[in-house]
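For reference, the chains in residue letters:
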Amino acid sequence: LIIASNHGDLAGKPNGTYLPELTHAVEVFAAEGIEYDLASPKGGKIPGYGEDADDVTKKLLADAEFAARLESTKCLEDVDGSLYDAIFYPGGYGLLFDLSENATAHKLVTAAYESQKPIAAVCHGPAALAKIKLSDGETLLIADKEV
């Protein structure tokens, strides 16, 4: 499961998910035959930036199937976390606004983590993990754990 932001504005400029951090992961998943779903707090379109950052990103954004996925993400409220083997957060400033305190995302990550499933995040992505509390009341990100 890839969780991305619906927030698309930062100081009046386009923002959201930094697309190369999404596209490079998706390229690896595809090469390894790993299926994935995209989800976001509201579902639907995930805004992004960095469309022209590199060839991988340009290639994937030109792919009709991938572009359609960006337009129609699953709403986090509708996601059954038990169906996924891992959770990944691409970076970008958007998630600071709609995922860092999102209770539904926190529940999905807590359940996955407590089931010993991998949780991964790049660049600003770990900000979405910072306030997660596990079922025992401890925070997900504490000094004696590797995340």
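So, here's what we can say about the structure. All values reported here derive from a predicted model rather than from experimental measurement. (Residues numbered from 1 in each chain as written. Predicted model: local features only at pLDDT ≥ 70, side-chain atom pairs only at ≥ 80, totals over all residues. Heavy atoms only, no water.)

A cluster of nonpolar side chains, contributed by Tyr93, Leu96 and Phe97, occupies part of the molecular surface with about 270 Å² of accessible area. Residue placement: Leu96 occurs in helix α4 (residues 95-98). Of the residues examined, Leu96 reaches a relative accessible area of 36% and is grouped as partly exposed. (Patch = residues over 30% accessible without salt bridge, like charges linked within 9 Å, V, L, I, M, F, W, Y side chains within 5 Å. Areas by Shrake-Rupley, 256 points an atom, 1.4 Å probe, with all protein chains shown as cover. Salt bridge = Lys/Arg side-chain N within 4 Å of Asp/Glu carboxyl O. Helix = DSSP H or I, 4+ residues; strand = E, 2+ residues; numbered from the N terminus. Buried < 20%, exposed > 50% of the residue type's maximum accessible area, 1.4 Å probe, protein only.)

For the rest of this paragraph, the subject is helix α1 (residues 19-31). Between its first and last C-alpha, α1 extends 18 Å over 13 residues, near the 18 Å set by a 1.5 Å rise per residue. Along α1, the positions that sit buried rather than exposed are Leu19, Pro20, Glu21, Leu22, Thr23, Ala25, Val26 and Phe29. In the stretch just after α1, Gly33 is the one whose phi turns positive, near 70°. (Expected span 1.5 Å × (residues − 1).)

So, on to the side chain of Ser5. Tracing the backbone shows Ser5 in the loop between β1 (2-3) and β2 (9-10). Within the structure, the side chain of Ser5 is placed 2.9 Å from the backbone nitrogen of His7, a separation counted as a polar contact. Side-chain polar atoms of Ser5 contact the side chain of Asp98, separated by 2.8 Å. (Polar contact = N/O pair within 3.5 Å; in protein donor to acceptor, adjacent residues only side chain to side chain.)

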